[in-house]
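As a plain string of letters, each chain reads:
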Protein chains: 2
Amino acid sequence: MIKYPNGKTTTKKPKEDIIYKNRGMNFEEEINYSNEYYLKEDIAVIYKKPTPIKVVAMDSNDFNRYCITKAYYQQPSTTDYNGIYKGRYIDFEAKETTNKTSFPLSNIHEHQILHLANITRHGGIGFIIVNFKVLGEIYLLDIKHILQVIDSKRASIPHDVFVKDGILVPQGYVLLIDYIKAVDSYYMSKGENNNG
Amino acid sequence: MIKYPNGKTTTKKPKEDIIYKNRGMNFEEEINYSNEYYLKEDIAVIYKKPTPIKVVAMDSNDFNRYCITKAYYQQPSTTDYNGIYKGRYIDFEAKETTNKTSFPLSNIHEHQILHLANITRHGGIGFIIVNFKVLGEIYLLDIKHILQVIDSKRASIPHDVFVKDGILVPQGYVLLIDYIKAVDSYYMSKGENNNG
């Protein structure tokens, strides 16, 4: 907790804790920790992209350090995460749902789906990671299966599709969300499933 | 080139010339335009990462849209650009210099060099693009040549190194900075130079 001069107390990260509660920030942080682990162990180099912010006004009278005085969060044009693993380009979006039977497609933006399809077409690996919070299950699902659901005019991806076509992501204590293990078993095993 | 009333010549974008002069925004914007071209023509999928911003204070009293009221620019932990081309992971930093004989290494942060070295070790393509503004020359230089200069304890990369070990980036009217052509000739030609 930080005490501000106006007497209000707040946590370090007001945005995440207050505004985005129940919107997946803890899940994101767990993935970020996994990425730090992969980097430290030289397994993969994957980073979360910063959230784009539209700066509207600035002030330079703050100890010569430019201070942003008015700005807004913007919609990212791509996905949250990308990087490299075993020479392959990796790109994904991570989402949570409290739903037990399906993942509503309204949780992913159309341009993010198009971006993942672009990546696949250029020879990269594109997928989503979905945390079914109530079930305690996390799945990796390749973009091609998302496109199949969209083609079939459904508004959500049934949990069954994750079980059948996705990969259950191992969860542990040291490595909280070992999604690279899921990448390994889906994309890296002998010539199977590569490039959608 | 456009001739302005003051007799100076400049490139297409007067507004940015005034505000961001000597801050590299024109060069960055030209690369962004090139990336839009590559995306539109389905040649490559490469994006600039948003600049990370540390949000300190927010206000929700702005028509129910959360407004950031205090924030600071942060140092990026990686490079500015990454993406995919011909199935290969691409990662680079773009810089400008008014120097005519060398590019001072102080223009690149150590963690960015380490990041590019990480990328190469994992099978990706990592380089810098340097715009020698006064010379009107733009070069692509692979990270391995930067590491060689660092190993030799020099504080800057001589222009000669760019000429000898780098690739001159074609500049044009439609495609302002065709760095993918330089990537092609350096990394994609028959088995040469791949992965450092």
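Here, the structure is the one placed above.
All values derive from a computational prediction rather than experimental measurement.

## Section: the sheet that holds strand E3 (residues 45–48) of chain A
All names here are of chain A.
No. 1: Strand order in the open sheet made by the 6 strands is E3-E6-E7-E9-E10-E12, with mixed pairing throughout. The two strands at the open ends of the sheet, each matched to only one other strand, are E3 and strand E12 (167–168).
No. 2: Helix H6 (residues 179–188) contacts E3, strand E6 (81–85), strand E7 (88–97), strand E9 (125–132), strand E10 (137–142) and E12 of the sheet and is inclined by roughly 130 degrees relative to E9.

## So, the packing of aromatic side chains
One pair of aromatic rings is described through two measures. These are the centre distance and the angle between the planes.
Residue and element names in this part refer to chain A.
No. 1: What the rule picks out here adds up to 23 aromatic pairs over all chains.
No. 2: Where Phe-132 meets Tyr-139, the ring centres are 6.1 Å apart and the plane angle is 80 degrees; that geometry is what we call edge-to-face.
No. 3: We classify Phe-132 as buried; its relative accessible area is 0%.
No. 4: Following the ring pairs from residue to residue traces out a cluster consisting of Tyr-37, Tyr-38, Tyr-81, Phe-92, Phe-127, Tyr-179, Tyr-186 and Tyr-187.

## Some points on the pairing of E6(A)
All names here are of chain A.
No. 1: For E6, the tally of buried residues reaches 5 of 5 residues, placing the bulk of the element in the interior.
No. 2: Note that E3 and E6 share 4 bridges and pair antiparallel. Pairing of Ile-46 across the sheet is with Gly-83, part of E6.
No. 3: One ladder, built from 5 bridges, connects E6 with E7; its direction is antiparallel. Within E7, the residue paired with Asn-82 across the bridge is Asp-91.
No. 4: Connecting the antiparallel pair E6 and E7 is a turn made up of 2 residues, with Lys-86 showing a positive phi of about 50 degrees.

## Concerning the relation of the copies chain B and chain A
No. 1: For these two chains of identical sequence, chain B goes onto chain A by a turn of 180 degrees and a shift of 0.0 Å along the axis, with RMSD 0.1 Å. The superposition of one copy onto the other is thereby described by a two-fold rotation axis.
No. 2: In this assembly, 97% of the residues forming the interface of chain B have copies in chain A that are likewise at the interface, indicating an isologous arrangement.

## Some remarks on the interface of chain B and chain A
By a widespread convention, an interface's size corresponds to the accessible area lost as its parts come together.
No. 1: Listed per partner, the contact involves 39 residues of chain B and 42 residues of chain A.
No. 2: Both faces combined, the contact of chain B with chain A buries some 3,500 Å², and carbon together with sulfur accounts for 62% of it.
No. 3: Three residues stand out in chain B for area buried against chain A, namely B:Ile68, B:Tyr72 and B:His122, and they jointly supply 19% of the buried area on that side.
No. 4: Counting the contacts that link chain B with chain A gives 2 salt bridges.

## Focus on the state of the cysteines
No. 1: Summed over the entire model, instances satisfying the criterion amount to 0 disulfides over all chains.
No. 2: Free cysteine: A:Cys67, not disulfide-bonded; nearest cysteine sulfur from B:Cys67 at 12 Å.
No. 3: In this structure A:Cys67 comes out as buried when scored by relative accessible area, which is 4%.

## A short note on unusual backbone geometry
Excluding glycine, a negative phi dihedral is what most residues carry, and trans is how most peptide bonds are arranged.
Residue and element names in this part refer to chain A.
No. 1: Backbone geometry places Asp-42, a non-glycine residue, at a positive phi of 55 degrees.
No. 2: Tracing the backbone through its elements, the reader meets Asp-42 in the loop between helix H2 (25–40) and E3.
No. 3: Here Lys-153, not a glycine, exhibits a phi torsion of approximately 65 degrees, which is positive.
No. 4: Residue Lys-153 is classed as exposed on the basis of its relative accessible area, which comes to 75%.

## Digging into the pattern of salt bridges
When the charged atoms of two side chains with opposite charge come close together, those side chains can pair.
No. 1: For the coordinates displayed, the defined rule picks out 12 salt bridges over all chains.
No. 2: Note that B:Arg121 and A:Asp42 form a salt bridge whose closest N and O atoms lie 2.6 Å from each other. With one member in each of two chains, B:Arg121 in helix H3 (residues 110–121) and A:Asp42 in the loop between H2 and E3 form a pair that bridges those chains.
No. 3: Classification of A:Asp42 by relative accessible area gives partly exposed; the value is 35%.
No. 4: A:Lys164 serves as the salt-bridge partner of A:Asp165, at 3.2 Å between the closest nitrogen and oxygen.
No. 5: Residue A:Lys164 is classed as exposed on the basis of its relative accessible area of 67%.

Reading the values: the criteria
- Residues numbered from 1 in each chain as written.
- Chains lettered and ligands numbered in written order.
- Predicted model: local features only at pLDDT ≥ 70, side-chain atom pairs only at ≥ 80, totals over all residues.
- Heavy atoms only, no water.
- Pairing = 2+ DSSP bridges.
- Helix = DSSP H or I, 4+ residues; strand = E, 2+ residues; numbered from the N terminus.
- Contact = heavy atoms within 4.5 Å.
- Axes fitted to C-alpha atoms, helices over the stretch in contact; angles between N-to-C directions.
- Phe/Tyr/Trp six-rings, centres within 6.5 Å; stacked < 30°, edge-to-face > 60°.
- Buried < 20%, exposed > 50% of the residue type's maximum accessible area, 1.4 Å probe, protein only.
- Least-squares fit on C-alpha atoms with pLDDT ≥ 70 in both.
- Buried area = accessible area lost by both parts, 1.4 Å probe.
- Salt bridge = Lys/Arg side-chain N within 4 Å of Asp/Glu carboxyl O.
- Disulfide = S-S within 2.5 Å.

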